[in-house]
Number of protein chains: 2
Amino acid sequence: MRLSELSEHSGVSTATIKFYLREGLLPPGRRISATQAEYGEHHLRRLRLVRALIQIGKVPVATAREVLSHVDDDSLGRTIRLGAALWALPQGNPPAEDLEDPEVAAATAELEELLTRLGWSNAQQIGALSPVYRSLAAGLATLRRLGFPGDLETLLPYARAMHELAERDLDALEALDSEAEQVETAVGSAVLFEPLLLSLRRLAQEEESARRYGY
Amino acid sequence: MRLSELSEHSGVSTATIKFYLREGLLPPGRRISATQAEYGEHHLRRLRLVRALIQIGKVPVATAREVLSHVDDDSLGRTIRLGAALWALPQGNPPAEDLEDPEVAAATAELEELLTRLGWSNAQQIGALSPVYRSLAAGLATLRRLGFPGDLETLLPYARAMHELAERDLDALEALDSEAEQVETAVGSAVLFEPLLLSLRRLAQEEESARRYGY
DNA sequence: AAGCATGGATAGTGGAGCTATCCAACGCCG
DNA sequence: CGGCGTTGGATAGCTCCACTATCCATGCTT
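Residues numbered from 1 in each chain as written. Chains lettered and ligands numbered in written order. Predicted model: local features only at pLDDT ≥ 70, side-chain atom pairs only at ≥ 80, totals over all residues. Heavy atoms only, no water.

## A few points about the overall build of chain A
Regarding its fold elements, chain A presents 10 helices and two strands. Counting all 215 residues of chain A, 52% fall into the buried class. Pairs at least 24 apart in sequence give 60% of the contacts found in chain A among residues at least 6 apart. Carbon and sulfur atoms make up 51% of the accessible area of chain A, which amounts to about 9500 Å² in all. (Helix = DSSP H or I, 4+ residues; strand = E, 2+ residues; numbered from the N terminus. Buried < 20%, exposed > 50% of the residue type's maximum accessible area, 1.4 Å probe, protein only. Contact = heavy atoms within 4.5 Å. Areas by Shrake-Rupley, 256 points an atom, 1.4 Å probe, with all protein chains shown as cover.)

## A closer look at the packing of helix H4 (residues 61-72) of chain A against helix H5 (residues 78-88) of chain A
All names here are of chain A. It is the contact of H4 with H5, at a shortest axis distance of 8 Å, that shows an interaxial angle of 170°. In terms of orientation, H4 lies roughly antiparallel with respect to H5. Facing H4, whose interface residues are Thr 63, Glu 66, Val 67, His 70, Val 71 and Asp 72, H5 presents Arg 81, Ala 84, Ala 85 and Ala 88. A per-class count over the contact of H4 with H5 returns five nonpolar, two polar and three charged. (Axes fitted to C-alpha atoms, helices over the stretch in contact; angles between N-to-C directions. Parallel < 35°, antiparallel > 145°, perpendicular 65-115°, else oblique. Nonpolar A, V, L, I, M, F, W, Y, C, P; charged D, E, K, R; others polar.)

## Here we look at the interface of chain A and chain B
Taken together, the contact between chain A and chain B spans 76 residues of the former and 76 residues of the latter. Across the chain A/chain B interface, buried area totals approximately 8300 Å², and carbon plus sulfur atoms make up 67% of it. On the chain A side of the contact with chain B, Tyr 158, Arg 202 and Tyr 215 of chain A bury the most area, a combined 10% of that side's loss. Linking chain A with chain B are eight salt bridges, by the criterion used here. Salt-bridge contacts for Arg 201 of chain A lead to Asp 169 of chain B; the nearest nitrogen and oxygen are separated by 2.9 Å. Where chain A packs against chain B, one counts 44 residue pairs in polar contact (both at pLDDT 80 or more). Broken down by secondary-structure element, the contributors of at least two residues to the side of chain A that touches chain B are helix H3 (41-56), H5, helix H6 (102-118), helix H7 (121-129), helix H8 (132-145), helix H9 (152-174) and helix H10 (179-213) of chain A. Residue classes in the side of chain A that touches chain B are distributed as 41 nonpolar, 20 polar and 15 charged. (Buried area = accessible area lost by both parts, 1.4 Å probe. Salt bridge = Lys/Arg side-chain N within 4 Å of Asp/Glu carboxyl O. Polar contact = N/O pair within 3.5 Å; in protein donor to acceptor, adjacent residues only side chain to side chain.)

## Re a nonpolar patch on the surface
A contiguous nonpolar patch, built from Tyr 215 of chain A together with Ile 80 and Leu 129 of chain B and spanning about 300 Å² of accessible area, is present on the exposed surface. As for its placement among the helices and strands, Tyr 215 of chain A is situated in the segment after H10. (Patch = residues over 30% accessible without salt bridge, like charges linked within 9 Å, V, L, I, M, F, W, Y side chains within 5 Å.)

## A word on the relation of the copies chain A and chain B
Each copy superposes on the other: chain A lies on chain B with an RMSD of 0.1 Å after a rotation of 180° and an axial shift of 0.1 Å. On this basis, the relationship between the two copies can be described by a two-fold rotation axis. Among all C-alpha atoms of chain A, that of Ala 161 of chain A lies closest to the rotation axis, at 3.1 Å. Here 100% of the interface residues in chain A have copies in chain B that are interface residues too; the copies meet face to matching face. (Least-squares fit on C-alpha atoms with pLDDT ≥ 70 in both.)

## Remarks on helix H7 (residues 121-129) of chain B
When H7 of chain B is considered as a whole, its buried residues turn out to be Asn 122, Ala 123, Ile 126 and Gly 127 of chain B. Down the axis, H7 of chain B shows its buried residues gathered within 135° of arc, on one side only. Where the residues of H7 of chain B are buried, they touch H10 of chain A together with helix H5 (78-88), helix H6 (102-118) and helix H8 (132-145) of chain B. (Arc of directions from axis to C-beta.)

## Quick word on the protein's contact with DNA strand C
As a matter of local geometry, DNA strand C sits amid 23 residues, with Leu 3 and Thr 35 of chain A together with Thr 16, Ala 34 and Val 61 of chain B nearest to it. The share of sugar and phosphate among atoms of DNA strand C within 4 Å of the protein is 74%. Contact distances for DNA strand C include 2.9 Å between a phosphate oxygen and a backbone N or O atom of Leu 3 of chain A. Residue Ser 4 of chain A places a side-chain N or O atom 3.0 Å away from a phosphate oxygen belonging to DNA strand C. Elements with a minimum of two residues in the surface near DNA strand C: helix H1 (3-10), helix H2 (14-23) and strand E2 (36-38) of chain A together with helix H2 (14-23) and helix H3 (41-56) of chain B. Among the elements that make up the surface near DNA strand C, the one with the highest residue count is H2 of chain B (five residues). In the surface near DNA strand C, the residues fall into nine nonpolar, eight polar and six charged. (Near = heavy atom within 4 Å.)

## Things to note about the protein's contact with DNA strand D
Neighbouring DNA strand D are 23 residues; Thr 16, Tyr 20 and Pro 60 of chain A together with Leu 3 and Thr 35 of chain B lie closest to it. Counting only atoms of DNA strand D within 4 Å of the protein, the sugar-phosphate share comes to 72%. Between DNA strand D and Ser 4 of chain B, the relevant distance is 3.2 Å, taken from a phosphate oxygen to a side-chain nitrogen or oxygen of the residue. Within the contact set of DNA strand D, a base nitrogen lies 3.0 Å away from a side-chain nitrogen or oxygen of Lys 18 of chain B. Elements supplying a minimum of two residues to the surface near DNA strand D: H2 and H3 of chain A together with helix H1 (3-10), H2 and strand E2 (36-38) of chain B.

## Some points on the pairing of strand E1 (residues 30-33) of chain A
Residue and element names in this part refer to chain A. The pairing of E1 with E2 spans three bridges and is antiparallel. Each bridged residue has a counterpart across the sheet, and for Arg 30 the counterpart in E2 is Glu 38. Between E1 and E2, which pair antiparallel in sequence order, lie two residues. (Pairing = 2+ DSSP bridges.)

## With respect to the UniProt feature "domain: HTH merR-type" (unreviewed entry) in chain A
Taken from the UniProt record, the annotation "domain: HTH merR-type" (unreviewed entry) applies to residues 1-70 of chain A. Within residues 1-70 of chain A, the helical portion is 63% and the strand portion 10%, while the C-alpha atoms at the span's ends are 26 Å from each other. (UniProt positions renumbered as here; feature names shortened; annotations may be inferred.)

## A closer look at the environment of Leu 143 of chain A
Here Leu 143 of chain A lies in helix H8. Residue class for Leu 143 of chain A comes out buried when judged on its relative accessible area of 0%. Between the alpha carbons of Leu 143 of chain A and Gln 182 of chain A there is a distance of 33 Å; along the sequence they are 39 residues apart. When sequence neighbours within four positions are dropped, the list of residues in contact with Leu 143 of chain A reads Phe 148, Pro 149 and Gly 150 of chain A together with Leu 192, Phe 193 and Leu 196 of chain B.

## A few points about the environment of Gly 188 of chain A
Mapped onto the elements, Gly 188 of chain A comes out in helix H10. Sequence separation between Gly 188 of chain A and Leu 111 of chain A is 77 residues; the distance between their C-alpha atoms is 27 Å. In contact with Gly 188 of chain A, not counting residues within four places along its chain, are Leu 49 and Phe 193 of chain A together with Phe 148 of chain B.

Here it is in structure tokens:
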């Protein structure tokens, strides 16, 4: 495939593909001559992932580059690699603030407690390595600061539900051959599936509201 | 409160508040004189909601305006009002496409089936009125087009989990007095809580990955 | 051999959120 | 009263970012 063919197969304009090549989101093709390059199936898959990240996931180009670098980094262990890619994705939580802030400190402590009660012993170790605690704690603190309910008891059932579903997610990933493909799929499904999950949540709230109060 | 005091209490610059007033995200204050206006608690609450929508939720200004107009519209029934506000919020799903597209049509049919099996009879009627089906169907179709699993059996447990959690959400809302406050809270918690939920999901996936494969 | 397509480089476009500046009217101080 | 800093409103501008238009040397195709 040449660049223009890659463009036709993907529906992405050549100008945009060039832009992604320049930005390092897409690896360069195999050079055929001084002015031509050859692209393969791998480029097509990667291009689709990039589009999903940027168009659907609204991920900034620089962040997408970082995520992809983790996806491609086979020097990492499987879980770390997955984690690095997932946590580089924007989480929508407010930017991590000062750890000294008492609200944030309280939220952090509560998260530890939450993980203990969930029995997520690995997550506690992972959390220490990744920005996950800070991000979660900042989000939790903000929620509370604005007067929304975000106590431990509220969070527990949500977390349990997510873990139950995570088992299914991992089962699905096991069907894939290579580790790279698994991480790629996890990232893609984070970007594409998460909106669906939230839509289902909102629809469920409406359903429940209709049951209780009519229209 | 005058504009500058509103700014101090909220931590939002006067220039930005002026911008929001201009854009209709914040109702004008009570005019004290030709060149001065008075703002109250309501303005402060609304300003915080606007900041949450725009800063955390990355909601475009025009969309925020629409969401807020639904929040304030007390001519609607409770459920419709809630639904209008929630569905005006960006869902992250790809833009709704052609209904003729066979992929989208198939996804739509499957959604109907999903709701039937869930027993969400109200949601079926609500869906007909709101862009929810189109948005969900488009997201589902995109997911499949890129080769991710998105069949009925996969979706069912997620939807059930969301409904279970929605009951808790509605319980929490019942503690609030006015309907306007309930809708406002639902919107705020959609914006602030959803990222937390997704973070929990990602953390759960990592926990499960660590359990299965180590680090 | 002629002409058009290719890939690479560079500068430019458009939109969105926010901000700097200006101005007339106001209120507080003596 | 009179002067001066402050207020709210209007306008134009800034910055960032994803993307695109244009140009050019090269080389494939017929």
